[in-house]
Amino acid sequence: MSPEISTQIRHGALIITFVTLSALLVYTATYSHGRLSSASFFPSDLDHSSAPDSSQDLEQILKKASTVNKTVILTSLNDAWASPGSIIDLFLKSFKLGDGTHKFLDHLVIVALDQKAYNRCRIVHKHCYALVTKDVDFQEEALFMTPNYLKIVWRKIDFLRTVLELGYTFIFSDGDIVWFWDPFPRFFPDADFQIACDHFLGRPDDMNNSPNSGFIYVKSNNRTIAFYNFWYSSRETYPGFHDQDVLNKIKFDPFISEIGMKIRFLDTANFGGLCEPSRDLNVVCTMHVNCCIGMERKLADLKIMLQDWRAFKSLPSDLKNQSIISWRVPHTCSLEPVHK
């Protein structure tokens, strides 16, 4: 073999080795310890300049935000709800206006479903997690029961299952909920899974209550992890249904009793909404703009709620107890289609 050919072979071997090592480094950085980093959730056509550092994975973010007993508050956000003056601003504002709720902002993680939502989160809050699904556009407003709406709600259930598997208890709150009082004293200490209702029938253990998955308190244990696996897999049993409808079907399933999970439904007097508004502002912890289609309608009634709360808080103590102020909502909200 001539010296020239030998030199060319050595150069070729060096190039192959370099390319192989580079590919290995890229793979290792993207798939660390058996799970994708948060940065890798961003589609390749998005700007990565403001994406979270690859080391900022979900577990680290939850650890930073959690209470001493590993409890976090979670909400999800897409671009449609993220613009200044929109849903997310009113949601955060309610924590500041509420009685004893400001402290919960330290434990709130905003789960961004697209890059614009993530960028906005980084401006308004300190705990942000990017959960972007490739080939799915979550930026537009997802009207009730549209294909994008179904993708979002089932992505949420899958994500919450992961949070439980990491050992974190959570409150999940939709962004179109406003917080007024500390909800923890209203929870049942022995229940695994507690959920708000569109309509409450009077007993927290009555399985005929109509649950609303926009506000849930779930303890992390083997029972709830098994339940979330069952709930998520049931989307295939009931195709075309959203998470709440599927929950209404599976809540009667013998599997719930078999795993020993205790479900409690939260009274609308304490966790109200437009479907069944709480009338006593002294005891209402949260209010949900449910039974309402359309973001503009939701914004209008959320603003009225915050105005009503401020008016209530300005009253002398003796007048607060007389419940002379109640909600002026629903005012704009309706279940009628936005585009008739």
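Here the structure is a predicted model, which means the values were calculated and not measured.

The next point concerns the packing of helix 3 (residues 87-97) against helix 9 (residues 295-313). One way to put it is that helix 3 packs onto helix 9 with a least axis distance of 10 Å and a crossing angle of 15°. By the angle between their axes, helix 3 is roughly parallel relative to helix 9. Remark: the crossing between helix 3 and helix 9 carries left-handed chirality. Within the contact between the two elements, helix 3 uses I87, L90, K93, S94 and L97 and helix 9 uses M295, K298, L299, L302, K303, L306, W309 and R310. Along the lines of polarity and charge, the residues of the contact of helix 3 with helix 9 split into eight nonpolar, one polar and four charged.

With that out of the way, let us pick up the packing of helix 6 (residues 222-237) against helix 7 (residues 243-250). Contact pair helix 6 / helix 7: the axes reach a minimum separation of 10 Å and the direction vectors enclose 115°. With respect to helix 7, the element helix 6 is oriented roughly perpendicular. For the element pair helix 6 and helix 7, the recorded crossing hand is right-handed. Counting all contacts with helix 6, which are made through F227, F230, W231 and S234, the residues of helix 7 involved are D243, V246, L247 and I250. Classifying every residue of the contact of helix 6 with helix 7 by side-chain character gives six nonpolar, one polar and one charged.

What follows is about the state of the cysteines. The final tally for this structure, using the stated rule, is three disulfides. Across a sulfur-sulfur distance of 1.8 Å, C275 and C291 are joined as a disulfide pair. Between C275 and C291 the sulfur-sulfur dihedral comes to about 105°; the bridge is accordingly right-handed. With C275 in the loop between strand 11 (271-273) and strand 12 (286-288) and C291 in the loop between strand 12 and helix 9, this residue pair connects regions lying 16 residues apart in the sequence. Using a relative accessible area of 14% as the deciding quantity, one classes C275 as buried. Exposure remark for C291: the relative accessible area of 29% places this residue in the partly exposed category.

So, on to the nonpolar core. Nonpolar side chains tend to gather and get buried jointly when the protein is soluble and globular. Counting residues in hydrophobic clusters, the biggest one holds 52 residues, and the most contacted among them are W179, F215, M287, M305 and W327. Of all the secondary structure elements, the ones that give two or more residues to this core are strand 3 (71-77), helix 3, strand 4 (108-112), helix 4 (115-124), strand 5 (128-130), strand 7 (177-179), strand 9 (210-218) and helix 9. Among the elements that take part in this core, helix 9 stands out by supplying eight residues, more than any other. Non-local contacts of W327, meaning those with residues more than four positions away in its chain, are made with F180, P277, S278, R279, L281, V284, M287, M305, D308 and W309.

What counts as what
- Residues numbered from 1 in each chain as written.
- Predicted model: local features only at pLDDT ≥ 70, side-chain atom pairs only at ≥ 80, totals over all residues.
- Heavy atoms only, no water.
- Axes fitted to C-alpha atoms, helices over the stretch in contact; angles between N-to-C directions.
- Helix = DSSP H or I, 4+ residues; strand = E, 2+ residues; numbered from the N terminus.
- Parallel < 35°, antiparallel > 145°, perpendicular 65-115°, else oblique.
- Left-handed = near helix turned anticlockwise from the far one by under 90°.
- Contact = heavy atoms within 4.5 Å.
- Nonpolar A, V, L, I, M, F, W, Y, C, P; charged D, E, K, R; others polar.
- Disulfide = S-S within 2.5 Å.
- Buried < 20%, exposed > 50% of the residue type's maximum accessible area, 1.4 Å probe, protein only.
- Core = buried A, V, L, I, M, F, W, Y, C linked by side-chain atoms within 4.5 Å.

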